[in-house]
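Topology and contacts: notes
Chain by chain, the residues run as shown.
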There are 6 protein chains.
Amino acid sequence: MRPSKRPSDAMREVSLTRGVSRHAEGSCLVKFGDTHVLCTASLEERVPGWLKGSGKGWVTAEYGMLPRATHERMRREAASGKQSGRTQEIQRLVGRSLRAVIDLQALGERQITVDCDVVQADGGTRTAAITGGFVALADCLAWMEGRGMIDRRKVIRDHVAAISCGIHNGTPVLDLDYVEDSAAETDANFVMTGSGGIVEIQGTAEGAPFSQDELLALMALAKKGIGELVEHQKRVLSEAAA
Amino acid sequence: MRPSKRPSDAMREVSLTRGVSRHAEGSCLVKFGDTHVLCTASLEERVPGWLKGSGKGWVTAEYGMLPRATHERMRREAASGKQSGRTQEIQRLVGRSLRAVIDLQALGERQITVDCDVVQADGGTRTAAITGGFVALADCLAWMEGRGMIDRRKVIRDHVAAISCGIHNGTPVLDLDYVEDSAAETDANFVMTGSGGIVEIQGTAEGAPFSQDELLALMALAKKGIGELVEHQKRVLSEAAA
Amino acid sequence: MRPSKRPSDAMREVSLTRGVSRHAEGSCLVKFGDTHVLCTASLEERVPGWLKGSGKGWVTAEYGMLPRATHERMRREAASGKQSGRTQEIQRLVGRSLRAVIDLQALGERQITVDCDVVQADGGTRTAAITGGFVALADCLAWMEGRGMIDRRKVIRDHVAAISCGIHNGTPVLDLDYVEDSAAETDANFVMTGSGGIVEIQGTAEGAPFSQDELLALMALAKKGIGELVEHQKRVLSEAAA
Amino acid sequence: MRPSKRPSDAMREVSLTRGVSRHAEGSCLVKFGDTHVLCTASLEERVPGWLKGSGKGWVTAEYGMLPRATHERMRREAASGKQSGRTQEIQRLVGRSLRAVIDLQALGERQITVDCDVVQADGGTRTAAITGGFVALADCLAWMEGRGMIDRRKVIRDHVAAISCGIHNGTPVLDLDYVEDSAAETDANFVMTGSGGIVEIQGTAEGAPFSQDELLALMALAKKGIGELVEHQKRVLSEAAA
Amino acid sequence: MRPSKRPSDAMREVSLTRGVSRHAEGSCLVKFGDTHVLCTASLEERVPGWLKGSGKGWVTAEYGMLPRATHERMRREAASGKQSGRTQEIQRLVGRSLRAVIDLQALGERQITVDCDVVQADGGTRTAAITGGFVALADCLAWMEGRGMIDRRKVIRDHVAAISCGIHNGTPVLDLDYVEDSAAETDANFVMTGSGGIVEIQGTAEGAPFSQDELLALMALAKKGIGELVEHQKRVLSEAAA
Amino acid sequence: MRPSKRPSDAMREVSLTRGVSRHAEGSCLVKFGDTHVLCTASLEERVPGWLKGSGKGWVTAEYGMLPRATHERMRREAASGKQSGRTQEIQRLVGRSLRAVIDLQALGERQITVDCDVVQADGGTRTAAITGGFVALADCLAWMEGRGMIDRRKVIRDHVAAISCGIHNGTPVLDLDYVEDSAAETDANFVMTGSGGIVEIQGTAEGAPFSQDELLALMALAKKGIGELVEHQKRVLSEAAA
């Protein structure tokens, strides 16, 4: 039995709440159980220097954690004067994942920044950030379409969502919370599209190395979980915007 | 008529929600209308170097804004590598204000850090931070008392809350929102205790200088507003903790 | 009796010496007793990005302390790699205070930077900086007028000066030195114009909160002190430039 | 045909030269074709604070690139004042990979830092760094064993090496050089042990998402490549130290 | 004729004023013509980590320029977040030069920091800093001797002073001011002791390389100038302290 | 007898290997005994802002040390977030030395950056950097001439090389290694041109001050050594490029 008492293929309760920010062009508060991430998508009429004049736009992500999102208070990155390696690794992953389903040409020469700020952490913050960040991004694109700036169908090529899996006590399990993650022998994050394509896979042996069979077992769980997340995204995005 | 349509001595709707963080010893989500600040109080069994061995504790505050808390996205301070002068000014003010009602000797050699993170901004974030930060701090002290660490009545000497006032279109008004603040000729922040003592006053002429009579008019409004905020604090703190 | 033996409404000896810098367009060495601040005003034919093309100019201030301006040597901010919160707070205050009496439109699209460097500190450095910074700024504007760049009378709308007051041992006193400041129960800085308007007021309870009556007593002292400072400014500015 | 003209399952010429640093306890210059990485292992009799008193040691890695290791000169990270997200991501990966085959308890309370500095880059620098870093680490442990500090067999549990694979022009290929990497649709890095266990897998879709079958094809190539690298490591480590 | 109209072997007017800082253990305002440097010596009962327990003390120097010490305002180093290479080079030189005449063993385990802040610059700031820094240091040692902490004669082994020379318009000249320095073909700084030993020599060809004969001509000028500076130091140090 | 057993006027074995970088326009691995420095020259079609439109080019240098180039591992400057004062001092010296033999007008509005990275250190890294940096720079200019960009003979006015000398155990010796440098009473670095002109001289008394005669003895050694280095440069540059 895993610590969370969940069946090995069960995710935590997921919620995706749109329109939580008064100012952002798109926003989503995503919860994977006790992991809560506030995602906002901000449109700017500028692109990074290396894209100027290219006709192409850019989607990027930033990630942060409130100091007391975690069990012990962590030092505020703004006060320590730099973002940790972990923070940079995660925000690069979120940005790549979102760009994987966006047609930057169809977006036009503009930048959308998706900020993912962890309000409360209990494992899986990067996968929640990708899943909720997609909803915020989609709403930003809807906002743009409403103003005649883009054809949203051309810009978004597919859904994208993410989940973590791990081998806990010898058993492959879906959607690790913090306690499970700390004890897992192997930990893997999967990012996939709505049509089941793999966008990113990151698997790490925390203790002993893992085998190809174990990786495939984790991937099977991830497919199930991401399928459910994409359904969830579709359901909330089909509702009228907040 | 002020832009918010409120009478000149009316505050925005205020809410103080306790227990919003699973991890922090005390927490409060404070809303002054569309200004939302998440306050957490974190206890640490250490003090700054200059207090070691003194038997006295410390209360400090940190302040931050999510990048899209504002109408236009602002650069993330963790990414730019430093906290702005404005951020430092505010967090110093919040820390001083909270310490004004705390007996650091009775707290004992421990530090409580009150993090005030602005989730959404619409003017008055520093006054909301002080008002909500007090509630988070009080709950942290209750948590400590529950573990026999302190006698809470000796540590908290009084309530503390804060409000901004300003002269808008020639009229003194209470609790400026962003639009009013931008247009105010004079802007003043007041921090007062439950018993009506002044802890801090910061008044600034944005355009023409102001007179002593105008300052007194603003102070009268502030007393009324802070009186209401302290009542609100007392009401929510008298309820069973979340 | 206050530690300085001064009557409660007496300032320290003040001196304002113009023309102390060979290079700056305007300069003033200001002394409030043992507090000595070197102020220089530097003209640059550029403005911050957000003012480009606006036709308006800008006045800004920077503040620093020599490492051994204080009783104990402090770490050099250039060596520690950042300006402290206190430094930023003060330089923002000095800049706002000076801009309060300047017509930025009449200045034209140029920037004047007033550097206030504390050579020796004994309390009240920010108020000395504002008072001496105004003289340096006025001389810079005279220098510009001498070259036909501006009409000085249109640019300077009034004088501005500042003083600190505090409640020491229960008595309101004017112009705190370091020893008095350390022991004061309440400490307030006032910035006022030559015509008696209030530009900025910052009052802080260091111990017990203070009352409105106490604030008014401090303000009465401040008016007297600032009146004397403005007279002093007028006297030295009426002399031929150094 | 891939740009390098190599068969799809052929690696570039690999060389591992031990003893290239006069000062380091272990060192290895690793070449994967035109990618050259200088790896040194440095022993220090101290551990990070959180391991003090634990009896356990630590292995960590740092990564850097000489400014003109690349086709266009890149800004020196020491001059820009921070390590890029990419640099931090890579050095965290190298450290995790090396620790995966080390018994930190058997190492004792000491730290070994493996510095991987890219002298010339042509794709695959991180995989070369892991492969060569292992040799430097093994020689450092031999140096320690020669001084009676450890039992090397207990400290090193297995070999570890790494290789990149990718899908280029629709074909899975082994060991991408820079030109191939830039054009690959999918890019994956594999870190495996001598006994074939997976330590880390990082797969990224650069264009269209990839399928599980494609991932398995890449993994088959990686197994072949890493097998050859481990044989190479064993061969050079069996020779007398330089 | 050199721009300053001085004979080739004539220095600018030099003044050394002791006791200019109320707080510092030793201080000196040094003027070489229009170059003015404020030097303070600060005693601290601590040494750098690598000297702890050695019984030896340390003398170090820091250097800074007020932003408008120069003809054009320079950016404040505290604001730009780092000290320039030039600043670091100079403060290292000043520290080495002062240590060359100090017996660190006889000083005992304490640190003296000599801060050299350029209030006005007109060439030769580093040589003025060394010459005035020595006076501040000597007064700090006198202060210590007055409290029975050291035997000053054992700590100070000799005087030290510095001067710049250069080849201007083909002629070797002594003590370059800014205009001469900018036009000099060769520029050399000399640091020498009271007994004529060379502590440091730094010669740089600004245009064409220079010859050994030219270097010797510059050195002859430097000996003369430093001899005068040392006499000046002795004269002011023989007076009762301010 | 000096520790290295070399005669007092003998240099270590020197090697200059051209064409060691696949990407750089010019490169040279220079060895002075166990001191190894990798020099690359990188051409960029841009100049610093203050040269734009001047028609003149720029040559600059950067210097770094791999963390384990030294006996004890040093902290990586990219990780500590800044370059040390020593690093900046050296790279400024290297840049000045190289510019001394270059006609910046004839170079045209382009920048060449010479990166000098110490792969292994055993004393004299800055003199090796200058000597090898010149070869890399010469090859970069040859590369440019081959593309019709410049007339190399007009750009390079002379050779430049550097060597350190010191007084060890009372005897002037040439080309100090690390052990000798640590024990030397006086240490001087000389930079000279092929025709024997002095570009830069930096002499420092590490213990007692030194005399003019000692300086001349060191200079005589330096002339001999630099003469040999220039011959070496000419020999390798006369060979066909790698």
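Residues numbered from 1 in each chain as written. Chains lettered and ligands numbered in written order. Predicted model: local features only at pLDDT ≥ 70, side-chain atom pairs only at ≥ 80, totals over all residues. Heavy atoms only, no water.

**Some words on the overall build of chain A**
Under the convention used in this document: The helix and strand labels rest on DSSP assignments: H or I over at least four residues marks a helix, E over at least two residues marks a strand, and numbering proceeds from the N terminus. Radius of gyration means the value over C-alpha atoms here, while the globule rule gives 2.2 Å times the residue count to the 0.38 power. Exposure classes here rest on a 1.4 Å probe applied to the protein chains alone. A residue is buried below 20% of its type maximum, exposed above 50%, and partly exposed in between. Whether two residues are in contact is decided by their heavy atoms: any pair within 4.5 Å suffices. In short, Shrake-Rupley with a 1.4 Å probe defines the accessible areas, and a residue's cover is counted only from the protein chains shown. Asp and Glu are treated as the negative residues and Lys and Arg as the positive ones, with His and the ends of the chain left uncounted. Lysine's charge is taken at NZ, arginine's at CZ, aspartate's at CG and glutamate's at CD.
Looking only at helices and strands, chain A has seven helices and nine strands in total. Against the 2.2 N^0.38 benchmark of 18 Å for 242 residues, chain A shows a C-alpha radius of gyration of 18 Å, consistent with a compact globule. Considering only C-alpha atoms, chain A reaches an extent of 55 × 40 × 35 Å along its principal axes. The burial tally for chain A puts 62% of its 242 residues in the buried class. Taking as baseline every contact in chain A between residues at least 6 positions apart, the subset at least 24 positions apart corresponds to 70%. Summing over all exposed atoms, chain A offers an accessible surface of approximately 9,100 Å²; the carbon and sulfur share of this is 48%. Placing the 30 positive and 32 negative side-chain charges of chain A at their respective mean positions leaves the two points 5 Å apart.

**Quick word on the sheet that holds strand β1 (residues 14-18) of chain A**
Residues and elements named next belong to chain A. Heads up, the condition is: At least two bridges found by DSSP between two strands is the condition for calling them paired. Where helices are involved, their axes are fitted lines through C-alpha atoms of the stretch in contact, as for all axes, and angles between N-to-C directions lie from 0 to 180°.
The strand order across the open sheet formed by five strands is β1-β2-β3-β5-β4, and the pairing between neighbours is mixed. Taken across any chain shown, the strands that pair with only one partner, and hence form the sheet edges, are β1 and β4 (58-65). Here the strands of the sheet are splayed against their neighbours by 15° on average, with no regard to which way each runs. By the bridge criterion, seven bridges tie strand β2 (residues 26-32) to strand β3 (residues 35-44) in an arrangement that is antiparallel. Paired with Val30 across the bridge in β3 is Val37. Set on the sheet, helix α2 (residues 85-99) makes contact with β4 and β5 (111-120); between it and β4 the angle comes to about 145°.

**Considerations on the sheet that holds strand β9 (residues 198-205) of chain E**
Hydrogen bonds between backbone atoms are what pair the strands of a sheet, whose relative direction is either parallel or antiparallel. Across the sheet, which stays open at both edges, the eight strands sit in the order β7(E)-β6(E)-β8(E)-β9(E)-β9(F)-β8(F)-β6(F)-β7(F) with antiparallel pairing between neighbours. The open sheet has two edge strands, β7 (171-174) of chain E together with β7 (171-174) of chain F, and neither has a second partner. Taken over all neighbouring pairs, the strand axes of this sheet differ in orientation by 15° on average, direction set aside. As paired elements, strand β6 (residues 160-168) of chain F and strand β8 (residues 186-193) of chain F share eight bridges and run antiparallel to each other.

**Considering the confidence of the model for chain A**
Heads up, the rule is: Confidence scores here are pLDDT values: one per residue, from the predictor, ranging 0 to 100.
For chain A, mean pLDDT is 96; residues scoring 70 or higher make up 99% of the total. Overall fold confidence (pTM) sits at 0.92, and the ipTM for the predicted complex is 0.95.

**Observations regarding the arrangement of the chains**
Between chain C and chain D there is no contact, and the shortest C-alpha to C-alpha distance separating them is 11 Å. Of all C-alpha pairs spanning chain B and chain F, none lies closer than 11 Å, and the two are not in contact.

**Details of the packing of aromatic side chains**
Filter applied, for reference: Two aromatic rings, drawn from Phe, Tyr or Trp (for Trp, its six-membered ring), form a pair once their centres lie within 6.5 Å of each other, and the interplanar angle then sorts them: stacked below 30 degrees, edge-to-face above 60, tilted otherwise. Here, a charge over a ring means that NZ of Lys or CZ of Arg falls within 6 Å of the ring centre while also lying within 35 degrees of the ring normal.
Within the structure shown, the criterion is met by six aromatic pairs over all chains. Seen from their ring centres, E:Trp50 and E:Trp58 are 4.8 Å apart, and the 80° between their planes marks the pair as edge-to-face. By relative accessible area, which is 58% here, E:Trp50 ends up exposed. The buried category is assigned to E:Trp58, whose relative accessible area is 17%. For D:Arg147, the ring lying beneath its charged end belongs to D:Trp143, and the centroid distance is 3.7 Å.

**Observations concerning helix α7 (residues 212-238) of chain E**
As a reminder of what qualifies: Expected span of a helix: the number of residues minus one, times 1.5 Å.
Over its 27 residues, α7(E) runs 38 Å from end to end, which matches the ideal 39 Å to within 8%, given 1.5 Å per residue. Listing the buried residues of α7(E) in full gives E:Leu215, E:Leu218, E:Met219, E:Leu221, E:Ala222, E:Gly225, E:Ile226, E:Leu229, E:Val230, E:His232, E:Gln233 and E:Val236.

**Observations concerning unusual backbone geometry**
Although it is not a glycine, C:Lys5 sits at a positive phi angle of roughly 65°. For C:Lys5, the location among the structural elements is in the segment before β1 (14-18). Classification of C:Lys5 by relative accessible area gives exposed; the value is 62%. One non-glycine residue with positive phi stands out, namely E:Asp175, at about 60°. By secondary structure assignment, the location of E:Asp175 is in the loop between β7 and α6 (178-183).

**Re the interface of chain B and chain A**
Heads up, the rule is: By definition, the buried area sums, over both parts, the 1.4 Å-probe accessible area that each loses when the two are put together. A pair is scored as a salt bridge if a Lys or Arg side-chain nitrogen falls within 4 Å of a carboxyl oxygen belonging to Asp or Glu. For this analysis, a polar contact is any N or O atom pair within 3.5 Å, provided that within protein one partner can donate a hydrogen and the other can accept it, and provided that sequence-adjacent residues contribute only side-chain to side-chain pairs. Three classes are used, and their members are as follows: Ala, Val, Leu, Ile, Met, Phe, Trp, Tyr, Cys and Pro are nonpolar, Asp, Glu, Lys and Arg are charged, and the others, Gly among them, are polar.
Taken together, the 37 residues of chain B in the interface contact 37 residues of chain A. Between chain B and chain A, a total of about 2,700 Å² is buried, with carbon and sulfur atoms accounting for 46% of that surface. Our count for the contact surface shared by chain B and chain A stands at 16 salt bridges. Close ionic contact of A:Glu62 with B:Arg76 constitutes a salt bridge, the shortest N to O distance being 2.8 Å. Counting every contact that joins chain B to chain A gives 26 residue pairs in polar contact (both at pLDDT 80 or more). Of all the secondary-structure elements, those providing two or more residues to the side of chain B that touches chain A are β3 (35-44), β4 (58-65), α1 (77-80) and β5 (111-120) of chain B. Per-element accounting of the side of chain B that touches chain A gives the leading share, six residues, to β5(B). Split into classes, the residues belonging to the side of chain B that touches chain A amount to 14 nonpolar, eleven polar and twelve charged.

**Some points on the side chain of C:Arg126**
Mapped onto the elements of the fold, C:Arg126 is located in helix α4 (residues 125-146). Buried charged residue C:Arg126 carries no salt bridge. Nearest counter-charge: C:Glu89, at 4.5 Å.

**Let's talk about the relation of the copies chain B and chain A**
Where we set the bar: Least-squares superposition aligns the copies on the C-alpha atoms of those residues with pLDDT at or above 70 in both.
Once chain B is rotated about the relating axis by 180° and shifted along it by 0.0 Å, it coincides with chain A to within an RMSD of 0.0 Å. The two molecules are tied by a two-fold rotation axis, judged by turn and shift. A high fraction, 100%, of the interface residues of chain B reappear at the interface in chain A, so the copies pair face to face through one surface.

**So, helix α4 (residues 125-146) of chain A**
Residue and element names in this part refer to chain A. In a regular helix each residue adds 1.5 Å, so 22 residues correspond to 32 Å; α4 covers 31 Å between its end C-alpha atoms and thus fits that length. With 18 of its 22 residues buried, α4 lies for the most part within the structure. Just downstream of α4, Gly148 is the residue with a positive phi angle, here 70°.

**With respect to the pairing of β7(E)**
Residues and elements named next belong to chain E. Examined bridge by bridge, strand β6 (residues 160-168) and β7 share four bridges and lie antiparallel to one another. Opposite Gly166, over in β7, you have Val173 as the bridge partner. Between β6 and β7, which pair antiparallel and follow one another directly, the connecting turn spans two residues, one of which, Asn169, has a positive phi of 55°.

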